[in-house]
Amino acid sequence: MSSITSFDPAIIGLIILSIVLLATLGFVVHMHLKLRRFLIGINSDHVGDSLTHISKNLDDFHKFRAEMEAYLDTVEKRLRKSVQSVHTVRFNPFKGTGGGGNQSFSTAFLNEEGDGVIISSLYSREHVSVFSKPVKKRQSEHELSEEERESLDEAMKGLMK
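Residues numbered from 1 in each chain as written. Predicted model: local features only at pLDDT ≥ 70, side-chain atom pairs only at ≥ 80, totals over all residues. Heavy atoms only, no water.

### What to know about the overall build of the chain
Argument step 1. When helices and strands are counted, the chain shows 3 helices and 4 strands.
Argument step 2. Mapped in sequence order, the helices and strands of the chain form the string α-α-β-β-β-β-α.
Argument step 3. With 161 residues in all, the chain has 20% of them scored as buried. (Helix = DSSP H or I, 4+ residues; strand = E, 2+ residues; numbered from the N terminus. Buried < 20%, exposed > 50% of the residue type's maximum accessible area, 1.4 Å probe, protein only.)

### A few points about the side chain of N92
Argument step 1. Summarising the element assignment, N92 is placed in the loop between β1 (83-91) and β2 (104-111).
Argument step 2. By relative accessible area, which is 15% here, N92 ends up buried.
Argument step 3. The contacts of N92, once residues within four sequence positions are left out, are G101 and N102. (Contact = heavy atoms within 4.5 Å.)

### Here's the deal with helix α3 (residues 146-159)
Argument step 1. Its 14 residues place the ends of α3 20 Å apart at the C-alpha level, agreeing with the 20 Å of an ideal helix rising 1.5 Å per residue.
Argument step 2. Every buried residue of α3 is accounted for by E147, E148, S151, L152, A155, M156 and L159. (Expected span 1.5 Å × (residues − 1).)

### Looking at the confidence of the model for the chain
Argument step 1. With 88% of its residues at a pLDDT of 70 or more, the chain shows a mean pLDDT of 86.
Argument step 2. Helix α1 (residues 9-38) is the least confidently modelled element of the chain, averaging 86 in pLDDT, while β2 averages 96, the highest of any element. (pLDDT = per-residue confidence, 0-100.)

### Regarding the pairing of strand β4 (residues 128-135)
Argument step 1. Relative to β4, strand β3 (residues 116-123) is paired through 8 bridges, and the arrangement is antiparallel. Within β4, the position partnered with I119 by the bridge is S132. (Pairing = 2+ DSSP bridges.)

### Some points on the pattern of salt bridges
Argument step 1. Counted under the stated rule, the structure contains 7 salt bridges.
Argument step 2. For E69, the salt bridge identified is with R65, shortest N-O distance 3.1 Å. Highlighted residues: E69 and R65, both in helix α2 (residues 47-81), separated by 4 residues, approximately one helical turn.
Argument step 3. A residue is classified by how much of its surface remains accessible, and R65, at 45% relative accessible area, is partly exposed.
Argument step 4. Linking R80 and E76 is a salt bridge whose minimum nitrogen-to-oxygen distance equals 3.5 Å. Taken as a pair, R80 and E76 lie in helix α2 at a separation of 4 residues, close to a single helical turn.
Argument step 5. By relative accessible area, R80 is classed as partly exposed at 31%. (Salt bridge = Lys/Arg side-chain N within 4 Å of Asp/Glu carboxyl O.)

### Considerations on the sheet that holds β3
Argument step 1. Ordered in space as β1-β2-β3-β4, the 4 strands form an open sheet in which the pairing is antiparallel. The strands lining the two open edges of the sheet, one partner per strand, are β1 and β4. Each neighbouring strand pair of the sheet contributes to a mean axis angle of 10 degrees, computed without reference to strand direction. (Axes fitted to C-alpha atoms, helices over the stretch in contact; angles between N-to-C directions.)

### What to know about the nonpolar core
Argument step 1. Counting 9 residues, the largest nonpolar core consists of A108, L110, I118, V135, L144, L152, A155, M156 and L159.
Argument step 2. Those elements giving two or more residues to this core turn out to be β2 and α3.
Argument step 3. Setting aside its immediate chain neighbours within four residues, V135 contacts L110, G114, D115, G116, V117, I118 and L152. (Core = buried A, V, L, I, M, F, W, Y, C linked by side-chain atoms within 4.5 Å.)

### Quick notes on a nonpolar patch on the surface
Argument step 1. A cluster of nonpolar side chains, F7, I11, I12, I15, I16, I19 and V20, forms an exposed patch at the surface whose accessible area comes to about 680 Å².
Argument step 2. Residue class for F7 comes out exposed when judged on its relative accessible area of 59%. (Patch = residues over 30% accessible without salt bridge, like charges linked within 9 Å, V, L, I, M, F, W, Y side chains within 5 Å. Areas by Shrake-Rupley, 256 points an atom, 1.4 Å probe, with all protein chains shown as cover.)

### Some remarks on the side chain of T107
Argument step 1. Of note, T107 is situated in strand β2.
Argument step 2. T107 sits in the buried class, given a relative accessible area of 6%.
Argument step 3. Dropping the residues within four chain positions of it, T107 is found in contact with V86, H87, T88, V117, I118, I119 and S151.

Structure representation (structure tokens):
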């Protein structure tokens, strides 16, 4: 009979082999989980399937990017033509006569390129007159009053901000 404290070398070998197999199994399970995270797509079983899926997504992304760039180009063109700066100057055209106060005004509307319009209104108790003067490249071909010039200059300053 053998004593309880002595072990058969075959049993020791089986214990060591079991530990090695369990460690290997743990490593295989770990690597399998990593591979599943790496494989992309609903039915990806191989790296090739994942690469095909990634390539399709990349093609979709490039198409989307091209569409967005074209859209942004049209938005930028429209934005340049929209009103970017507005300035109003209120004034009394009948200084000292008390005929209307600061009810008259001159307002400049300019886009990014300095094109737009100046609208002026002269108010008196009897009637109101409204004038419109086009602006091209920050200049008007029509003679501007002092108030119209001021509204245009201030609107141009607004474009530079």
